[in-house]
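# Understanding the architecture of this molecule
Chain by chain, the residues:
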Amino acid sequence: MTRRRTATTITVATLAVVAVLGLTACDPGTPKPTGSGSSSPTATSSPTASAPQRPMPPRADAPKSAEEAVAAANKAYRAYLDAQIPFFEDVSLGPQYLSGYVLQGGPAWKGLSDTSDHGVNTIKSGGPFGWTLNDAMTYASAATDMSNGQKDPNGAVHLFGCLDDTKIQYGVPEIKNTAGAPTEVVMIFVADAHSWMIQDDHRMSASSGEAMPQC
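Every value quoted in this text rests on a predicted model; they were computed, and no experiment measured them. (Residues numbered from 1 in each chain as written. Predicted model: local features only at pLDDT ≥ 70, side-chain atom pairs only at ≥ 80, totals over all residues. Heavy atoms only, no water.)

### Re helix α2 (residues 107–118)
In this model α2 runs 16 Å from its N-terminal to its C-terminal C-alpha over 12 residues, within 8% of the 16 Å that 1.5 Å per residue would give. The inward-facing, buried residues of α2 abut α1 (66–89) and β9 (195–203). Downstream of α2 by one or two residues, glycine 119 has phi in the positive range, about 80°. (Helix = DSSP H or I, 4+ residues; strand = E, 2+ residues; numbered from the N terminus. Expected span 1.5 Å × (residues − 1). Contact = heavy atoms within 4.5 Å.)

### Some points on the side chain of threonine 138
Tracing the backbone shows threonine 138 in the loop between β4 (130–133) and β5 (139–145). Judged by its relative accessible area of 1%, threonine 138 is buried. Here asparagine 134 takes part through its backbone oxygen, which lies 2.9 Å from a polar atom of the side chain of threonine 138. A distance of 3.0 Å separates a polar atom in the side chain of threonine 138 from the backbone nitrogen of phenylalanine 160. (Buried < 20%, exposed > 50% of the residue type's maximum accessible area, 1.4 Å probe, protein only. Polar contact = N/O pair within 3.5 Å; in protein donor to acceptor, adjacent residues only side chain to side chain.)

### Let's talk about the pairing of β4
On β4, burial follows the alternation: Trp131 and Leu133 on one face are buried, whereas Gly130 and Thr132 on the facing-out side are not. In the sheet, β4 pairs with strand β6 (residues 150–164) via four bridges, with the strands oriented antiparallel. Bridged to threonine 132 within β6 is cysteine 162. (Pairing = 2+ DSSP bridges.)

### Quick word on the state of the cysteines
Taken as a whole and judged by the stated rule, the model has one disulfide. The disulfide that involves cysteine 162 links it to cysteine 215, with 1.9 Å between the sulfurs. Here cysteine 162 and cysteine 215 share a disulfide; its torsion about the S-S bond, -90°, makes the bridge left-handed. Within this pair, whereas cysteine 162 is found in strand β6, its partner cysteine 215 is found in the segment after β9, the two being separated by 53 residues in sequence. (Disulfide = S-S within 2.5 Å.)

Shown next as structure tokens:
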């Protein structure tokens, strides 16, 4: 498993833990920015789903090794791919519908908020998404809870893989299906919630100049 340095500062608030956490992820190797800087949770005017309706990620314990962290984070992301479909079929649910999976204040949360505010349902029907993890590129790194200084040596995971959305029927013609889209996902372990949550989730582009998984 390839391990590289990454420096990420995250300010987190989740309804799942009802707390604001500050996390810093780092790892030996070459610097590679991935986070949202010092983003803070902000209020949203989007409609929100009631708590019983919200899907929740698989429960997880603090990882004891990098391999355990990667396996648990990948399991949570696979679950999220299914959990997000109802939201994109009905964006009036609001980003809070996925607050059990996505860190508020991060890039992934902003994407959900922007989609909800835009008011266009991007998925018409279909599923599930397909996901193939690239083990060689994926790695775990350390995360420090800045509220108490406690450090988890494997509290952050950077998943790299290929996303297959050919079974999804989009409601927006500009979105094209692909059998293999190179994707990077940044996952953070939130101890109070006993779960892995998504800070960033984006499809990679050759124009970025970064190494991408072969899909």
